[in-house]
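So you can see what is in the structure, the chains are spelled out below.
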Amino acid sequence: MTDAPPSTLLADQTAYAEAVQLALDAAAAYYGDGTSTLDDDAYDRLVRGIEAYEDEHPEEVLPTSPTGKVAGGAVVGDVPHAVPMLSLDNVFGAGQLADWAASLERRLGRPVAAWSVEPKLDGLAISARYRHGRLVRLVTRGDGAAGEDVSHAIGTVVGLPSRLAEPVTVELRGEVLMTASQFEEACAKRRAHDGTTFANPRSAAAGTLRAQDRPYVCELTFFGYGALPYPDDVSETAEWLRGLPHSEVMAWVAGQGVQTTAATSVAGIVAETLEGVRERVEEIAAVRPELPFGIDGIVIKCDLAGDQAQAGFSSRAPRWAVAYKLPATEKITKLVGVEWNTGRTGVIAPRAVLEPVELDGSVVTYATLHNASDIARRGLMLGDSVTVYKAGDVIPRVEAPVVHLRTGDERPIEIPKVCPTCGDAIDASQERWRCVRGRACRTIASIGYAAGRDQLDIEGLAENRILQLLNAGLIADFADLFFLTREQVLGLERMGETSTDNLLAAIERAKAQPLSRVFCALGVRGTGRSMSRRIARHFGSMDAIRAADAGAIEAVEGIGPKKSPAVVAELAELAPLIDKLVAAGVTMTEPGWTPPAAPVVTVVTGVDGGDGGEAPATSGDASGLPLAGMSVVVTGSMSGALESLTRNQMNELIERAGGRSSSGVSAKTSLLVAGEKAGSKRAKAESLGVRIVGPEEFAGLVGPFL
Ligand code: IVH
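Residues numbered from 1 in each chain as written. Predicted model: local features only at pLDDT ≥ 70, side-chain atom pairs only at ≥ 80, totals over all residues. Heavy atoms only, no water.

So what's going on with the layout of surface pockets? Which residues, and what values?
Of the volumes computed, that of the second largest pocket is approximately 1,000 Å³. In this structure, the second largest pocket is lined by 29 residues; those nearest its centre are Arg191, Val347, Thr368, Ile395 and Arg432. Broken down by secondary-structure element, the contributors of at least two residues to the lining of the second largest pocket are α4 (180–194), β13 (330–342), β14 (347–359) and α19 (563–573). (1 Å grid on protein atoms, 1.4 Å probe; cavity = no way out; pocket = protein on both sides within 12 Å on 5 of 7 lines; lining within 4 Å. Points joined across faces, edges and corners; volume = space filled by probe spheres on them. Helix = DSSP H or I, 4+ residues; strand = E, 2+ residues; numbered from the N terminus.)

Written out as structure tokens, the structure reads:
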């Protein structure tokens, strides 16, 4: 067989017994409160090792062995399932998938005519029982034969309506999970309540589904993947459903108002050949890092009811379906350090430095740790083996130390006693620690940020120079730079005439930067470079931005009702700084901007197509611009007319031309600009059929905006 996965080698009966116990404990934790004492890979390796040992020594098989059992034999419930809720067998890689399909076709004695290919959602299986169209009971999978009644969650699960479109009696099966945003929100609620957070979306969903008396409510999401008439139901609808291909059953489920994956970029499809299956597997795997919910594989099923019926079931899993596993999103690695940083607003937060580990398509080296009490509560130590989680949109996070892997060399994590940035006191009265100086603590960093290449681009203003200016009392914020006199700068140590003149000239040039960069320089929380450009393009002037209330700010793409009041409040706080910038003569408009209602100006460039042409107008309304409505990603090194542009300048160019710049390729990407040494983004764009152009062709497309 090809691509056989590794397994743990068990030397003797004692090792076997220990392995069984370890697997049982891990499964109990995983299916219990959703925590993990072993990562998925380690668990799978262990179970494969147990299987191998049992094959060799069938007389020694322990009754408690997790092999061949749903949920590793870890859980039981008290509500029987009319039809058992089974597991799926796994395959790893295309070779094993082909082996599995071949053996299934041998069993059927004919080729499988249609395969359904769909994502394997990473949550908890649930049975939703509808009577006459009303949702009457929610039951977990449990041990497959009986599960736990979690009907109290009815009404908190998005996508699972309390009434179906028709008054049918049917059992729906699907996965309950938390999307990335539901997860962030749930963590914030829990942090506010008791200072703790959830380990990962899966365990957050597990805990939330079972929780009955929490003082806060967290939202969950349901995606259906099957519908079963009750075995004793002989109604016409039941008979009809039993004979439908799986793909049509799912279309019917969606028609009842229940969420399926149909509206997502990983919607189930029907493939007629194994080659088609493999293509869809590749596509789903490629977009996985951008999905707003976790998937841990791809499920491949016989689509036709007749094939399913003939293939039947083993004790643990159907023979007509298999899970193609994707790499784990949770792995164990080493915690090598903890860094403490003061954010722009004065919040002091620790972050974990990890031995690099690959998770969900990216190498993770840093992960969030929420605060000092979080570290203490979890008993983390330097050198610990820790479980790290990263999937889709979720920020990488350290879940827990794996205590049984400790060697005795672990050391306590030092908790700072003073602000790591300025050395002043820490206000530790709340869960989130802050420097007592608040925003002022970060003066050096925030001036450095404002002067940075992608903001005001003031060359020659290094951190030591900023410190010198601050210490001499010449500046207190970055607006003060614009009022520096030649004498003042010359008076500083190590400042000659040439460097003084160069610095002052660079500061003078910064006054002409467009509003988008000036706004970005303010460092308003949650508004980085691309958001600043969107805000500037939407409003056109600083006056208009300052006059906007939260509702008006929300009209900018990407600013939701949560962020908008914070933006308004911060702008009010920054009023003196902005006033100073205005007084200094810094640009407060977006060049060429026209109000959204006005017609878009079409500009004909000079015949030479060179520097002489005026840039066309940008406006709140992008229609008519060459990249209107397009999401554009840049990768590799640029050449020709674009050679000297930084990534930020490329993004500015894209947005001037009406497009949206984005850093990752996904199914939503309209265009990839791929220069030399383009790597994985190019491969991904190819697999998704995204249009790819080289730098020269792109320069031609956006020429007038260059
Ligand atoms: S079909 C008879 N389809 O995976 C079993 N399961 O490892 C039919 N899962 O318990 C299951 N996405 O919780 C199926 N599209 C999907 C799925 C899916 C996630 C889960 C489900 C099941 C587990 C099996």
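What follows continues from the structure just given.
Residues and numbers for the site of the ligand, please.
The ligand sits among 14 residues. The nearest are Glu118, Leu121, Glu175, Tyr225 and Lys301. At a separation of 3.1 Å, a nitrogen atom of the ligand approaches a polar backbone atom of Pro119. In the complex, 88% of the free accessible area of the ligand, which totals 520 Å², lies under the protein chains. Those elements giving two or more residues to the shell around the ligand turn out to be β3 (115–121) and β11 (295–302). By residue number, the principal contributor to the shell around the ligand is β3, which donates four residues. (Near = heavy atom within 4 Å. Polar contact = N/O pair within 3.5 Å; in protein donor to acceptor, adjacent residues only side chain to side chain. Areas by Shrake-Rupley, 256 points an atom, 1.4 Å probe, with all protein chains shown as cover.)

Before we move on, could you go through the nonpolar core and cite the residues and values that matter?
With 47 residues, the main nonpolar core has Ile458, Phe478, Leu481, Leu522 and Leu581 as its most contacted residues. Where this core is concerned, the elements lending two or more residues are α11 (443–451), α12 (463–471), α14 (497–510), α15 (515–521), α16 (529–539), α17 (542–547), α19 and α20 (575–584). With five residues, α14 is the largest single contributor of residues to this core. In this structure, Ala128, Leu138, Leu220 and Tyr389 belong to the second largest nonpolar core, which totals 40 residues. (Core = buried A, V, L, I, M, F, W, Y, C linked by side-chain atoms within 4.5 Å. Buried < 20%, exposed > 50% of the residue type's maximum accessible area, 1.4 Å probe, protein only.)

Before we move on, could you go through empty space enclosed by the protein and cite the residues and values that matter?
For the structure shown, the criterion picks out four cavities of 30 Å³ or more. Estimated volume of the second largest cavity: approximately 50 Å³. Considering the residues around the second largest cavity, the lining is formed by 13 residues, among which Phe293, Gly294, Tyr389, Ala391 and Val394 are closest to the centre. Here the lining of the second largest cavity is built from residues that sort into nine nonpolar, three polar and one charged. (Nonpolar A, V, L, I, M, F, W, Y, C, P; charged D, E, K, R; others polar.)

Help me get a handle on α4, residues and values and all.
Given a rise of 1.5 Å per residue, 15 residues ought to cover 21 Å, and the 21 Å separating the end C-alpha atoms of α4 matches this to within 8%. Within the sequence span of α4, burial applies to Ala180, Gln182, Phe183, Ala186, Cys187 and Arg191. (Expected span 1.5 Å × (residues − 1).)

So what's going on with the side chain of Thr342? Residues and values would help.
Checked against the element boundaries, Thr342 lands in strand β13. Only 2.7 Å separates the side chain of Thr342 from the side chain of Thr421, close enough to count as a polar contact. Setting aside anything within four residues of it in sequence, one finds Thr342 in contact with Val347, Ile348, Cys419, Pro420, Thr421, Cys435, Cys441 and Arg442. (Contact = heavy atoms within 4.5 Å.)

If you had to explain the state of the cysteines to someone new, which residues and values would you point to?
Within this structure, the stated rule accounts for zero disulfides. Residue Cys419 stays outside any disulfide, its sulfur separated by 3.5 Å from that of Cys441, the closest cysteine. (Disulfide = S-S within 2.5 Å.)

Could you give an account of unusual backbone geometry, with specific residues and numbers?
One non-glycine residue with positive phi stands out, namely His132, at about 50°. The backbone of Lys677 shows a phi angle near 60°, a positive value even though the residue is not glycine. Following the sequence through the fold, Lys677 ends up in the loop between β24 (671–674) and α22 (680–688).

Can you lay out the sheet that holds strand β7 (residues 157–158) for me, pointing to particular residues and giving the numbers?
Spatial ordering of the open sheet is given by β5-β4-β8-β9-β7, a layout of five strands whose pairing is mixed. Each edge of the open sheet carries a strand with a single partner, namely β5 (134–140) and β7. In this sheet, strand β8 (residues 170–177) lies alongside strand β4 (residues 124–131) in antiparallel orientation, the contact comprising seven bridges. Bridging from a neighbouring strand, Ala125 pairs with Glu175 of β8. The strands touched by helix α7 (residues 246–255) within the sheet are β8 and β9 (220–228), with β9 carrying the most contacts at an inclination of about 130°. (Pairing = 2+ DSSP bridges. Axes fitted to C-alpha atoms, helices over the stretch in contact; angles between N-to-C directions.)

I'd like a rundown of the confidence of the model for the chain, residues and numbers included.
Taken residue by residue, the chain gives an average pLDDT of 90. The fraction at 70 or more is 94%. Across residues 598–615, confidence stays below pLDDT 50; counting only partners more than four residues off in sequence or on other chains, it has ten contacts. (pLDDT = per-residue confidence, 0-100.)

Requested: an account of the packing of aromatic side chains, with residues and values cited.
The tally for this structure, following the rule as stated, stands at six aromatic pairs. Between Tyr16 and Tyr53, the ring centres sit 4.8 Å apart and the planes meet at 15°, which makes this aromatic pair stacked. You can see Tyr16 sitting in helix α1 (residues 13–31) and its partner Tyr53 sitting in helix α2 (residues 40–56), a full 37 residues away along the chain. Where Phe223 meets Phe293, the ring centres are 4.9 Å apart and the plane angle is 50°; that geometry is what we call tilted. Residue Phe223 is located in strand β9, and its partner Phe293 is located in the loop between α8 (274–287) and β11; the two are separated by 70 residues in the primary sequence. Take Phe223: its relative accessible area is 4%, and that puts it in the buried class. (Phe/Tyr/Trp six-rings, centres within 6.5 Å; stacked < 30°, edge-to-face > 60°.)

Account for the pairing of β5, with residues named and values stated.
As paired elements, β4 and β5 share six bridges and run antiparallel to each other. Residue pairing across strands places Tyr130 opposite Leu135, the latter belonging to β5.

Now, about the packing of α16 against helix α21 (residues 647–656): what can you tell me, with residues and values included?
One way to put it is that α16 packs onto α21 with a least axis distance of 11 Å and a crossing angle of 30°. The angle between α16 and α21 falls in the class roughly parallel. Both α16 and α21 take part in a crossing whose hand is right-handed. In contact with Arg529, Ser530, Arg533 and Arg537 of α16, α21 contributes Asn648, Asn651, Glu652 and Glu655. Looking at the contact of α16 with α21 residue by residue, the class counts come to no nonpolar, three polar and five charged. (Parallel < 35°, antiparallel > 145°, perpendicular 65-115°, else oblique. Left-handed = near helix turned anticlockwise from the far one by under 90°.)

Please provide a residue-by-residue account of the pairing of β13, values included.
In terms of strand pairing, β13 meets strand β17 (residues 385–389) through five bridges, oriented antiparallel. The residue of β17 that forms the bridge with Ile332 is Thr387. Two elements, β13 and β14, share seven bridges in a ladder whose sense is antiparallel. Looking at the pairing, Leu335 lines up with Leu354 of β14. Where β13 folds back onto β14 in an antiparallel hairpin, the turn is made up of four residues, including Gly346, whose phi is positive at roughly 100°.

Residues and numbers for the pattern of salt bridges, please.
For the coordinates displayed, the defined rule picks out 35 salt bridges. For Arg173, the salt bridge is made with Glu171, and the minimal N-O distance between the two is 2.7 Å. Through salt bridges with shared partners, one network takes in Lys120, Asp296 and Lys325. (Salt bridge = Lys/Arg side-chain N within 4 Å of Asp/Glu carboxyl O.)

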